[in-house]
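# An overview of the molecular structure
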Amino acid sequence: MTLTIPGFDHIRLPVADGVELAAAVGGSGSPVVLLHGFPQTHLMWRHVAERLADEHMVICPDLRGYGASDKPAATDPDVYAKRTMAADVVTLAAALGHERFALVGHDRGALVAFRTGLDHPETITHLGILDIVPTLDMWNVLHGTSAAVGYHLFLMAQPPGLPEAMITGSADAFFGSFLDAWANDPTTMPEDVRAEYLRASAAAVTSIVADYRASADIDVMHDQADLDAGSQLAMPVTVVQQDWGSQLGFDAAGVWKAWAPDLDHRLTRAGHFMAEEAPDEIAAAIRGLLAR
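All of the points below concern the structure found in this document. Given the structure is predicted, the values throughout are model-derived calculations rather than measurements.

Each value, and the rule that gives it
- Residues numbered from 1 in each chain as written.
- Predicted model: local features only at pLDDT ≥ 70, side-chain atom pairs only at ≥ 80, totals over all residues.
- Heavy atoms only, no water.
- Helix = DSSP H or I, 4+ residues; strand = E, 2+ residues; numbered from the N terminus.
- Buried < 20%, exposed > 50% of the residue type's maximum accessible area, 1.4 Å probe, protein only.
- Salt bridge = Lys/Arg side-chain N within 4 Å of Asp/Glu carboxyl O.
- Pairing = 2+ DSSP bridges.
- 1 Å grid on protein atoms, 1.4 Å probe; cavity = no way out; pocket = protein on both sides within 12 Å on 5 of 7 lines; lining within 4 Å.
- Points joined across faces, edges and corners; volume = space filled by probe spheres on them.
- Phe/Tyr/Trp six-rings, centres within 6.5 Å; stacked < 30°, edge-to-face > 60°.
- Lys NZ or Arg CZ within 6 Å of the ring centre and 35° of its normal.

### Brief notes about unusual backbone geometry
With an omega of -10 degrees, the peptide bond running from Phe 38 to Pro 39 counts as cis. By secondary structure assignment, the location of Pro 39 is in the loop between β3 (30-35) and α1 (46-52). Phi is positive for Asp 107, close to 60 degrees, though the residue is something other than glycine. Positionally, Asp 107 belongs in the loop between β5 (101-106) and α3 (108-119). Judged by relative accessible area, which is 9%, Asp 107 ranks as buried. Even without a glycine there, the phi angle at Asp 131 is positive, about 70 degrees. Among the structural elements, Asp 131 can be located in the loop between β6 (124-130) and α4 (135-141).

### Here's the deal with the pattern of salt bridges
Here the structure, examined in full by the defined rule, presents 17 salt bridges. Across the pair Asp 219 and Lys 82 runs a salt bridge whose closest N-O atoms are separated by 2.7 Å. Of this pair, Asp 219 sits in helix α10 (residues 218-229) while Lys 82 sits in helix α2 (residues 82-95), placing them 137 residues apart in sequence. On the basis of relative accessibility, which here comes to 3%, the residue Asp 219 falls in the buried class. Residue classification places Lys 82 among the buried residues on the basis of a relative accessible area of 3%. A salt bridge links Asp 180 to Arg 194, with the nearest nitrogen and oxygen atoms 2.8 Å apart.

### A closer look at the pairing of strand β7 (residues 237-241)
The element β7 is largely enclosed, with a buried count of five among its five residues. As defined by bridge partners, β6 adjoins β7 across four bridges and the pair is classed as parallel. When the bridges of β7 are listed, Leu 130 appears paired with Val 240. Alignment of β7 against strand β8 (residues 263-267), held across five bridges, turns out to be parallel. What sits directly across from Val 237, in β8, is Leu 263.

### Let's talk about empty space enclosed by the protein
Over the atoms a probe the size of a water molecule is rolled, and this reveals where empty space is left. Scanning the model with the defined rule gives three cavities of 30 Å³ or more in all. In this structure, the largest cavity spans a volume of roughly 380 Å³. Together, 19 residues line the largest cavity, and Asp 107, Asp 131, Met 138, Leu 153 and Trp 244 are the ones closest to its centre. Elements that contribute at least two residues to the lining of the largest cavity include exactly α3, α4, α5 (151-155) and α11 (244-248).

### Topic: the packing of aromatic side chains
Summed over all chains, the structure comprises 12 aromatic pairs. Their ring planes at 75 degrees and their centres at 5.2 Å tell us that Phe 174 and Phe 175 sit as a pair that is edge-to-face. Overall, Phe 174 belongs to the buried group, its relative accessible area being 9%. By relative accessible area, Phe 175 is classed as buried at 1%. Here the aromatic rings of Trp 182 and Phe 273 are separated by 6.2 Å at their centres, their planes lie at 40 degrees, and the arrangement is tilted. Linking Trp 182 in the loop between α7 (171-181) and α8 (191-202) with Phe 273 in the loop between β8 and α13 (274-277), this pair joins segments that are 91 residues apart in sequence. A residue is classified by how much of its surface remains accessible, and Trp 182, at 16% relative accessible area, is buried. Here Phe 273 falls in the buried class, since its relative accessible area comes to 2%. Here a set of aromatic residues connected by ring pairs shows up, and it is made of Phe 38, Tyr 151, Phe 174, Phe 175, Phe 178, Trp 182, Tyr 212 and Phe 273. Taking NZ or CZ as reference, Arg 108 lies 3.7 Å from the ring centre of Tyr 212, over its face.

Next up, the structure:
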């Protein structure tokens with residue numbers, strides 16, 4: 001049985017031909033959509049969602065290819081392009097009656113959120129980003145031995161076949177290594193939650209790899225086209241991230257300022273899984289964003 005957010009309804013809605021997204025929905029008020037990261041599901045938002053639900057309708061989908069959502073075959077690069085996944089999110093929200101909404105994403109979900117903000121500026125009122133830089137910038141800042149922190153990006157960028165076979169052969173060890181290495185406080189992820197992440201990820205190896213492979217190909221092309229066109233995020237943006245700039249040798253706030261003129265850039269002492277390790281901090285950052 002899929003674990004979901006206590007007190008929230010668990011739904012499934014069609015968002016594209018042959019693709020349905022699963023989502024947890026709860027609360028009432030202005031809509032906020034929360035997108036999860038890797039190797040997780042919508043469950044990562046359980047603490048933050050509960051804190052926001054007294055003032056907002058909170059919608060927490062599993063991304064295309066993850067969790068209980070559909071996992072279409074990657075028959076072409078567009079299937080897992082962040083542009084396609086962004087369109088999924090807009091369609092899901094519209095099906096729930098929300099033509100405009102605030103959007104917050106973590107990790108992979110943050111890449112989808114970034115693309116949604118660029119592609120659908122009339123739809124996204126506020127944009128929150130947790131612990132990434134945009135895809136194009138991500139590849140540009142990974143260099144030398146420091147790039148080892150992102151080895152999985154290079155592994156899953158390889159042509160279909162070998163990455164899927166290698167990961168499937170040791171799925172729990174592979175996905176579990178990120179849950180261990182990226183958490184400052186592993187006790188904030190209970191055993192049943194960890195087990196759910198491992199189960200869901202092992203069942204989605206092919207689609208997860210396809211998502212990452214798109215970020216080494218079509219997503220880069222989309223970002224570059226926007227950069228060349230001078231496109232920027234039109235809405236208020238809050239970025240919360242670990243101090244990757246000092247670790248990898250780049251100006252993280254500067255990277256984001258180029259894309260987001262109305263920017264609130266914050267560093268956190270929490271680990272990568274900050275929505276679980278520091279839910280009060282993240283909920284407060286989202287409330288601050290929505291007040292702008």
